[in-house]
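# Architecture at a glance
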Amino acid sequence: MWVLLLEDYWSTDFIGLEPGQASSGSPVDVPDDVIFRLAITDAVIVNAFVLIPAFLISRYKLSSEQVATIQAELAVLRDQT
């Protein structure tokens, strides 16, 4: 839900793209500054969200020994049921 609200803010307030403006005519009808803000939003801001999962994955420490231990414990639990 919050993504839709954020998208609405980006498209109307930040980018300046009014609803139906992009599909109402030729691409020439869209002002250059709107195209520039759309490019910034798509290329920089949206791709910055890739850094959040990359940071979280970098903090995830799990060695192959730990995986083997967990798998062995799970096998024991499976055998008990």
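Since this is a predicted model, take the numbers as computed values, not measurements. (Residues numbered from 1 in each chain as written. Predicted model: local features only at pLDDT ≥ 70, side-chain atom pairs only at ≥ 80, totals over all residues. Heavy atoms only, no water.)

### Quick word on the overall build of the protein chain
- Of regular secondary structure, the protein chain possesses 4 helices and 0 strands.
- Counting from the amino terminus, helix and strand elements in the protein chain follow one another as α-α-α-α.
- Looking at the protein chain as a whole, 11% of its 81 residues qualify as buried.
- For the protein chain, the computed accessible surface area is about 6800 Å², with 67% contributed by carbon and sulfur atoms. (Helix = DSSP H or I, 4+ residues; strand = E, 2+ residues; numbered from the N terminus. Buried < 20%, exposed > 50% of the residue type's maximum accessible area, 1.4 Å probe, protein only. Areas by Shrake-Rupley, 256 points an atom, 1.4 Å probe, with all protein chains shown as cover.)

### Some thoughts on a nonpolar patch on the surface
- On the surface, a nonpolar cluster with roughly 560 Å² of combined accessible area is contributed by Y60, L62, V67, I70, L74 and L77.
- Following the sequence through the fold, Y60 ends up in the loop between α3 (51–58) and α4 (64–80).
- Looking at Y60, the relative accessible area reads 61%, which means it is exposed. (Patch = residues over 30% accessible without salt bridge, like charges linked within 9 Å, V, L, I, M, F, W, Y side chains within 5 Å. Salt bridge = Lys/Arg side-chain N within 4 Å of Asp/Glu carboxyl O.)

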